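Overview (structure and organization)
Here is what each chain is made of, one letter per residue.
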Amino acid sequence: MAKTMKKQPLKSAKWSGRFAQGIDPRALAYTQSVSFDRRLYRYDIVGSLVHAKMLRKVGILKAEDYKKIARGLNAILQDIEAGRFEFQEAYEDVHLNIEKALIAKIGPAGGRLHTARSRNDQVALDVRLYCRDHVRQLHAAVVDLEKVFLKKAREFLGVTIPGYTHLQRAQPVLFSHHLMAYVEMFERDRTRLEDAYRRLNLMPLGSGALAGTTFPLDREFVAKELGFAGVTRNSLDAVSDRDFAVEIAAAGSLLMVHLSRLSEELILWSTTEFDFIKLPESFCTGSSMMPQKMNPDVPELVRGKTGRVVGHLTGLLMLIKGLPLAYNKDLQEDKEAIFDLFDTLVPTVRIVAAMMSGARPNVAKTEKAASDGFLMATDLADWLVRHGVDFRTSHEITAKIVRSALEKGKDLKELTLNELKTFSPKFTPDVFRALETKAGVNHRKVTGGTAQANVAREIKSVEARLKNASL
Ligand code: ARG
């Protein structure tokens, strides 16, 4: 990219007739944005093409000028994509670079393109177009990620794993129930993006510099041509509003936080100590020194990049917090945050999906850990409740049983009926059925519980929802 960037000639460009002197090259270097906002070129050109079309439609542009402008802009687009276009720091930003090139190509007709437009509403449009495209990409990546989880949940339906609270073994759950917990998070992430998209998808052009324009524009036409759902309703707000970027950063931050929690579990689960999951070898890396190592670099980086995304959320909020209406140059600082947000989010969601599709639970290990009888202590207490004991008393009885089993060095499931009867005369032989791991799991049929029938139903329901999930 750098090769197409022309350095500012020593003698700096003079901005306009208003200035007697050219800009100090140091000030230009500091204030320019073309070194990064050139990434907007496609959206800038598409926006200009539609703006020109509308100017023609309402009679502001003559047919012949419109034709020249459209041809010129398309030629510039081709030049940029072919690497033939030289962005120049002297022209500050992507918008002026393209406009200067247009005028150089087609002459004074090029100077008519900016009629009834300011860079303030122009950049607001470009950034919204950029975000729209990339929110769609991100949304599609989240849908694909969910599909990977749903497929895994189906494939391993029935496999048990200990569920934890305080990172202490608590009760057995289905491995698929655990996966579906993440699907719930991703469903919230997906629908948050859809919600943000509705406010993002409004067309700001026509707001001018801040107050609107004296020309009779057809804003609705521009909106329709560019696929927007409507137009913004206040020019002051429209040129200074970056809420949509904050919303994307917020939705993206929460999405990253979910992926970071998942990563933490994957890292923990792939230790020798847990050994609950096998990440695909092709997604792990070795150590330069210790030959036995297989490091979970991908989830570690996902966890690490979460800080970066949350940082952009904070950065954008701080960027806006002190701005008087309407446009202020500060807003130029939104770009790198927005670019980096999507540059981080989209590949992260995609790599997690790819890695997870090759991950497999170590069923022997998870089921052995889940079969730990002490995980059934609640079920034992519940059994007593079903046989007439109040829960507080049954909790107390069960706690004593647990302590005595531990003292005897026995698993809860290994106690005999006679041993149990010393704690309560209510115990009968069928208590042992309630102590079976899978029975305990399937007993939790309540909506949201881990029973297999329940989890299977949830998998189906999300699968059906995702069929129509698109932006
Ligand atoms: N490069 C500027 C930005 O990104 C474009 C808008 C400039 N407007 C202005 N009045 N200087 O915000």
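Our structure is the block above this text.
Residues numbered from 1 in each chain as written. Predicted model: local features only at pLDDT ≥ 70, side-chain atom pairs only at ≥ 80, totals over all residues. Heavy atoms only, no water.

Digging into the nonpolar core
Counting 110 residues, the largest nonpolar core has Phe149 and Leu259 as the members making the most contacts within it. For this core, the element with the highest residue contribution is helix α6 (residues 119-155), accounting for 16 residues. Residues in contact with Phe149, not counting those within four places in the same chain, are Leu179, Tyr182, Val183, Phe186, Leu262 and Met356. Ranked by size, the runner-up nonpolar core spans 17 residues in total, among them Met376, Leu380, Val389 and Leu435. (Core = buried A, V, L, I, M, F, W, Y, C linked by side-chain atoms within 4.5 Å. Buried < 20%, exposed > 50% of the residue type's maximum accessible area, 1.4 Å probe, protein only. Helix = DSSP H or I, 4+ residues; strand = E, 2+ residues; numbered from the N terminus. Contact = heavy atoms within 4.5 Å.)

Description of helix α19 (residues 452-467)
Here α19 spans 23 Å end to end across 16 residues, near enough to the 22 Å set by a 1.5 Å rise per residue. Those residues of α19 that sit buried are Asn454, Val455, Ile459, Val462 and Leu466. End-on view of α19: buried residues confined to an arc of 140°, all on one side of the axis. When the buried face of α19 is taken as reference, the exposed residues oriented beyond 90 degrees from it are Ala453, Lys460 and Lys467. Those residues of α19 that are buried lie in contact with α6, β4 (168-174) and α7 (175-200). (Expected span 1.5 Å × (residues − 1). Arc of directions from axis to C-beta.)

Observations concerning the pattern of salt bridges
Scanning the entire structure with this criterion turns up 34 salt bridges. Across the pair Arg169 and Asp372 runs a salt bridge, and its minimum N-O distance is 3.2 Å. A residue pair is termed long-range when its members are at least 10 positions apart, and Arg169 in strand β4 and Asp372 in the loop between α13 (363-370) and α14 (377-386) qualify at 203 residues. Residue class for Arg169 comes out partly exposed when judged on its relative accessible area of 42%. Here the salt bridges share partners, and the residues they tie into one network are Glu146, Glu187, Arg190, Glu194 and Arg465. (Salt bridge = Lys/Arg side-chain N within 4 Å of Asp/Glu carboxyl O.)

Things to note about the site of the ligand
With respect to spatial proximity, the complete set of residues near the ligand consists of Ser33, Asp37, Asp93, His95, Arg119, Asn120, Val123, Tyr327, Gln332 and Lys335. At a separation of 2.5 Å, an oxygen atom of the ligand approaches a polar side-chain atom of Tyr327. Side-chain polar atom of Lys335 to an oxygen atom of the ligand: 2.6 Å apart, as the coordinates give it. Taking 340 Å² as the accessible area of the ligand by itself, protein coverage stands at 85%. Element by element, the count of residues in the shell around the ligand is highest for α6, at 3 residues. Here the residues of the shell around the ligand sort into 2 nonpolar, 4 polar and 4 charged. (Near = heavy atom within 4 Å. Polar contact = N/O pair within 3.5 Å; in protein donor to acceptor, adjacent residues only side chain to side chain. Areas by Shrake-Rupley, 256 points an atom, 1.4 Å probe, with all protein chains shown as cover. Nonpolar A, V, L, I, M, F, W, Y, C, P; charged D, E, K, R; others polar.)

Comments concerning the packing of α6 against α19
Any two packed helices are characterised by the angle at which their axes cross and by the distance between the axes. At a minimum axis distance of 10 Å, the contact between α6 and α19 shows a crossing angle of 155°. Between α6 and α19, the angle falls in the class roughly antiparallel. The hand of the α6/α19 crossing is left-handed. Residue-level inspection shows Val143, Glu146, Lys147, Leu150, Ala153 and Arg154 of α6 in contact with α19, the latter providing Ile459, Lys460, Val462, Glu463 and Leu466. Residues belonging to the contact of α6 with α19 are distributed by class as follows: 6 nonpolar, no polar and 5 charged. (Axes fitted to C-alpha atoms, helices over the stretch in contact; angles between N-to-C directions. Parallel < 35°, antiparallel > 145°, perpendicular 65-115°, else oblique. Left-handed = near helix turned anticlockwise from the far one by under 90°.)

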